[in-house]
Amino acid sequence: MKVRKTKESPPPHPLEKLLRSERLPHIWCSGCGIGTVFSSVMAAIQKSGYDPDRIAVVSGIGCTARMAGYIRLDSFHTTHGRAIPFATGLKLARPDIKVLVISGDGDLLAIGGNHFIHAARRNIDITVVCVNNLNYGMTGGQLAPSTPLGAKTTTSALGCPEEPFNFCYLASACGAVYVARWTTLHIRRITNSITDAMQKKGFGFVEILAPCPTSFGRRNKIGSALDMLKFYHERSVIRNDIDPKDASVDFENHIVLGKFVDTERPTFMDNYQMACNGRIGNWLDPNRAIAPENEAGR
Amino acid sequence: MFSGDKRVAAKAVLTGTYFMNGDDACCEGALAAGCRFFAGYPITPATEIAERMSRRLPDLGGVYIQMEDEIASMAAIMGASWGGVKAMTSTSGPGFSLMMENIGLGICTETPCVVCNVQRAGPSTGLPTLVGQGDMMQARWGSHGHYEMIALSPSSPQEMFDFTIRAFNLSEQYRIPVIIMADEVVGHLTERVVIPPEGEIELVARRKPAVPPDEYLPYRPDQDGVAPMAGCGEGYRIHITGLTHDEHGYPGMNVETQAQMVNRLIGKIRNNKDRIIRTENICLDDAEVVIVAYGISARSATRAVREARSAGIRAGLIKLETVWPFPETLIRDIARRVRALIMPEINAGQMVLELERCAGGACPVRLVSHLGGSIIHPGAILGAMKDALKRKQ
């Protein structure tokens, strides 16, 4: 009689409970940085201590947005650029739910740029995680609002003629209460930053520079995924609490990382409830005496 | 939503008789239907709905937010709907165009919500303050892909109230964005509106899953073709996507999943069309010429039928309360026994194409077209009736 060897089942993934493992394998290319961020997001969710049944993930369209389909939480894979307004509606209807938006750079700040600046201005109580891989990976590597000047993409074969956004500076200027930038090499720091942003009330933004060897690296002679990580490693400098306008992403010299903003400000819902209860006060009392001019303001 | 607010005790249903414009009546209908979230962007001639919502919702513990554009408004109401709160937005032509992509997301993900389009004359900025009915085909086909829609067309402030409640009920029952196709005149017309006692208003709520999370499939339909809907935060850990998806809600990039999903999205409306379609039939029994009209043009038509009757013409009226789905069976039957069908509309001929298709050549179909800026004069419809009857059969 033949003895059939029973296959030993592999030990469960440490984040098994947060994974839709029936959906694996995922769509991401080898060497892509999104997987690293995905692990960090799940680790941050565990670390945050929130009830997973009260956490929702909202995404738009793109490689990063596919995270919503692999995470075992209430998850919404919406339209291109519109994750933030969808999340806004969800959060305002259900303030008891922690809402995470996970988005790529093109999704969040090209087609979704207007929603981003307004959600930050309103201080909507959501955490926005942006995987910035400097191009549109899913569609094969087109220029994005993050593509460095001169970089080659399929729609800028002669070199990108546009200056990129500094996402963290933009987020801070729009009023985000938590702003941080890391690369996919900084796994522990990404996890801590996402946890901090989740635990903070208001619009939190965490940008993660990630390699896209298949679409971006290949055309810009950076080499393999490992070479891209080495490139990030060599050029990264951590400058916590630096003025976000100085937190530049200068690939020729230094990529400034760190936590740049960590402040407090009433959220949309705080102010809305004040207004509803008649306690927000008037915008202006024209009869009030003007305060003496600040010396420093002269 | 927030509670513990001293104003929460305010009334959602303002039972009584009012002199109210159509936009305000739409807002009151929504609140009576249980709408507690509104996201919108100001646009003439729909602004009054947003304005009233911004004043009324805080009193009811609801949320009003003015978004940065109509794309965001449409996205926000769907987010709120998945949060378990009845939600709506209102707009007019240019904003309606911006909403189209996300209306498609609502159809694909089967998200109950309501959009009121107070139509003005287009194309483009057109006549912002003046009436049009040029978005009728856009309401049906404006988003990409193939699907079925539900759209209602009120012709008075009273119907703005009544049909808004019905729009919420249909959206909850069939899990689809329902469009209220109003127009500038109906929106700004001030008339008597009777708001019934709260207990007399029939409300429908989305069906919730009857099984625990590990047995739940978010897109496995019940017998009526509609799947029970678990919301966010209810422990079901749902995945919702605008990609073609299977019963699990998971993407399926293949021919079979596409066919299954689209057939079901279409089927749940087509197979229930007798429960969805409503018309008001006036003087049909002995009619030799029948007007088919909707929105404010149905008011012109009502007057024309009355004048025709007093002139001895056996005229009748089919007033479309639902414009989509179109009452195909009724039109096919009527076309066989009348000498002509006439449709007045404030565009160059949109719903008349559907009327012609359904009449199937059984009788002549005439369009009374007016390109917008004012309503159709009843005399024009009366003239078309006389003209149609003059011709030999």
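Reading the values: rules and limits
Residues numbered from 1 in each chain as written. Chains lettered and ligands numbered in written order. Predicted model: local features only at pLDDT ≥ 70, side-chain atom pairs only at ≥ 80, totals over all residues. Core = buried A, V, L, I, M, F, W, Y, C linked by C-beta atoms within 7 Å. Buried ≥ 20, exposed ≤ 12 C-beta atoms within 10 Å, placed from the backbone. Helix = DSSP H or I, 4+ residues; strand = E, 2+ residues; numbered from the N terminus. Domains from an automatic or database assignment. Contact = placed C-beta atoms within 7 Å. Nonpolar A, V, L, I, M, F, W, Y, C, P; charged D, E, K, R; others polar. Pairing = 2+ DSSP bridges. Axes fitted to C-alpha atoms, helices over the stretch in contact; angles between N-to-C directions. Right-handed = clockwise from strand over helix to strand, strands pointing away.

Quick notes on the nonpolar core
Residue and element names in this part refer to chain B.
Point 1. Grouped together as the largest cluster of nonpolar side chains are 215 residues, with contacts concentrated most on Phe 37, Ile 291, Leu 341 and Ile 342.
Point 2. Here this core gets nine residues from one element, more than from any other, and that element is helix α3 (residues 70–82).
Point 3. When residues of this core are sorted by domain, at least three fall in each of domain 1 (6–200) and domain 2 (279–390).

As for the domain arrangement of chain B
Much of the literature gives interface size as the accessible area that the parts lose upon coming together.
All names here are of chain B.
Point 1. By domain assignment, chain B separates into domain 1 (6–200) and domain 2 (279–390).
Point 2. The straight-line distance from the C-alpha centre of domain 1 to that of domain 2 is 27 Å.
Point 3. The partner domain 2 presents 21 residues to the 24 residues of domain 1 that form the contact.
Point 4. Contributions of two or more residues to the side of domain 1 that touches domain 2 are made by β6 (127–131), α5 (136–141), β7 (150–152), β8 (177–183) and α7 (184–188).
Point 5. The element best represented in the side of domain 1 that touches domain 2 is α5, accounting for four residues.
Point 6. In terms of residue class, the side of domain 1 that touches domain 2 is built from 16 nonpolar, five polar and three charged.

Quick notes on the environment of Met 228 of chain A
Residues and elements named next belong to chain A.
Point 1. In this fold, Met 228 is placed in helix α8 (residues 225–235).
Point 2. With 143 residues separating them along the chain, Met 228 and Pro 85 place their C-alpha atoms 33 Å apart.
Point 3. What Met 228 contacts, discounting residues up to four positions off in sequence, is Pro 211, Pro 213, Gly 217, Ile 222 and Gly 223.

Some words on the sheet that holds strand β7 (residues 236–238) of chain A
Point 1. The strand order β7(A)-β8(A)-β5(A)-β6(A)-β4(A)-β3(A)-β1(A)-β2(A)-β10(B) describes an open sheet built from nine strands, whose pairing is mixed. Strands with a single pairing partner mark the edges of an open sheet, and in this sheet they are β7 of chain A together with β10 (239–241) of chain B. The average angle at which neighbouring strand axes cross in this sheet is 20°, direction not considered.
Point 2. As paired elements, strand β4 (residues 127–132) of chain A and strand β6 (residues 204–209) of chain A share six bridges and run parallel to each other. Its bridge partner lying in β6 of chain A, Val 129 of chain A is registered against Val 206 of chain A.
Point 3. Of the strands in this sheet, β1 (55–59), β3 (98–104), β4 and β6 of chain A are in contact with helix α1 (residues 34–48) of chain A, which crosses β4 of chain A at around 160°.

Observations concerning the pairing of strand β4 (residues 87–91) of chain B
On any regular strand, side chains alternate: one points to one face of the sheet, the next to the other face.
Residue and element names in this part refer to chain B.
Point 1. Within β4, five of the five residues are buried, which leaves the element mostly enclosed by the surrounding structure.
Point 2. The alternating pattern of β4 places Ala 87, Thr 89 and Thr 91 on one face and Met 88 and Ser 90 on the opposite face, and all of these are buried.
Point 3. Bridging between strand β2 (residues 37–40) and β4 involves two bridges; their strand directions are parallel. Note that in β4 the partner of Phe 37 across the bridge is Ala 87.
Point 4. Inspection of the sheet shows β4 paired to strand β5 (residues 113–121) by four bridges, in the parallel sense. Of the residues in β5, the one forming a bridge with Ser 90 is Cys 116.
Point 5. For the handedness criterion, the β-α-β arrangement of β4, helix α4 (residues 93–109) and β5 is classed as right-handed.

A short note on the interface of chain A and chain B
Point 1. Tallying the contact residues gives 34 residues for chain A and 40 residues for chain B.
Point 2. Contributing elements (two or more residues each) for the side of chain A that touches chain B: β2 (74–77), α2 (83–93), α4 (113–122) and α9 (268–276) of chain A.
Point 3. It is α2 of chain A that contributes the most residues to the side of chain A that touches chain B, eight residues altogether.
Point 4. In terms of residue class, the side of chain A that touches chain B is built from 14 nonpolar, 12 polar and eight charged.
Point 5. Judged from the three bridges that link them, β2 of chain A and β10 of chain B form a sheet pairing that is parallel.

Some points on the sheet that holds strand β16 (residues 365–369) of chain B
Residue and element names in this part refer to chain B.
Point 1. Taken together, the five strands give an open sheet; going across it, the order is β11-β13-β12-β15-β16, and neighbouring strands pair in mixed fashion. The sheet terminates laterally at β11 (279–282) and β16, the two strands that pair on one side only. Geometrically, the sheet is characterised by an average inter-axis angle of 20° between neighbouring strands, direction not taken into account.
Point 2. Pairing between strand β12 (residues 289–293) and strand β15 (residues 340–345): three bridges, direction parallel. Bridging across to β15, Ile 291 finds its partner in Ile 342.
Point 3. The strands that helix α13 (residues 378–390) touches are β12, β13 (315–320), β15 and β16; relative to β15, the one it contacts most, it runs at about 160°.

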